[in-house]
Amino acid sequence: MGCGCGGARKLSTGARSDTRTGKTLYQVVLNGGTGRVAFQTHNETLASNVARNYAGSIVLPAGAGGAAPGIPAAEAAET
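Reading the values: rules and limits
- Just so you know, the residues in each chain are numbered from 1, in the order the chain's sequence is written.
- Local features are withheld for residues below a pLDDT of 70 in this predicted model, meaning they are given only at 70 or higher, and side-chain atom pairs are given and counted only at 80 or more; totals for whole chains, interfaces and linings count all residues.
- Processing note: side-chain calculations cover all non-hydrogen atoms of the structure and skip hydrogens and water entirely.
- One bridge is not enough; two strands pair if DSSP finds at least two bridges between them.
- Helix and strand definitions here come from DSSP, where helices need a minimum of 4 consecutive H or I residues and strands a minimum of 2 consecutive E residues; each element is numbered from the N-terminal end.
- Inter-axis angles, ranging from 0 to 180 degrees, are taken between N-to-C directions of lines fitted to C-alpha atoms, where helices are fitted over the stretch in contact.
- Only buried residues count toward a nonpolar core. Its members are Ala, Val, Leu, Ile, Met, Phe, Trp, Tyr and Cys residues joined through side-chain atoms within 4.5 Å.
- Whether a residue is buried, partly exposed or exposed follows from its accessible area with a 1.4 Å probe, protein chains only, as a fraction of its type maximum: under 20%, in between, or over 50%, in that order.

S.K.: So what exactly am I meant to see when it comes to the sheet that holds strand β3 (residues 58-61) here?
M.R.: In a beta sheet, neighbouring strands pair by backbone hydrogen bonds and run either parallel or antiparallel. The three strands lie next to each other as β2-β1-β3, forming an open sheet whose pairing is antiparallel. One side of each edge strand has no neighbouring strand; the edge strands of this open sheet are β2 (37-41) and β3. When strand polarity is set aside, the average angle formed by the axes of neighbouring strands in this sheet is 25°. In this sheet, β3 lies alongside strand β1 (residues 26-29) in antiparallel orientation, the contact comprising four bridges. Bridge pairing links Val29 to Ile58 in β3.

S.K.: How should the nonpolar core be read in this particular structure?
M.R.: Here is a general trend for soluble globular proteins: nonpolar side chains tend to be buried in one another's company. In terms of nonpolar packing, the biggest core is built from five residues, these being Tyr26, Val28, Ala47, Val50 and Ala51. Elements with a minimum of two residues in this core: β1 and α1 (44-51). No other element matches α1, which puts three residues into this core.

S.K.: Looking at this model, I keep getting lost on the pairing of β1. Mind explaining?
M.R.: Side chains on a regular strand alternate between the two faces of the sheet. Side chains Tyr26 and Val28 project from β1 onto one buried face, and the interleaved Gln27 and Val29 project onto a second face that is buried too. Summarising the sheet, β1 and β2 pair through four bridges and their orientation is antiparallel. The residue of β2 that forms the bridge with Val29 is Val37.

The values are spatial; any link to function lies outside them.
The following block contains the structure:
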């Protein structure tokens, strides 16, 4: 039950989802960007830290390089 002040309630920012902007999804892609997606997050710093654990991996925004998110560019070209 809300307060008894009788005033109109404001919607929280979470309730106004249509005003929120989309977050960029970052992917750690193996083999210099041609391999599979090993990890993905909305935090670019975390993605960069994870990429250090995989030799030859790079961090890309989801869908970069014309491929659908999660599909390596080589596989996307074959379909």
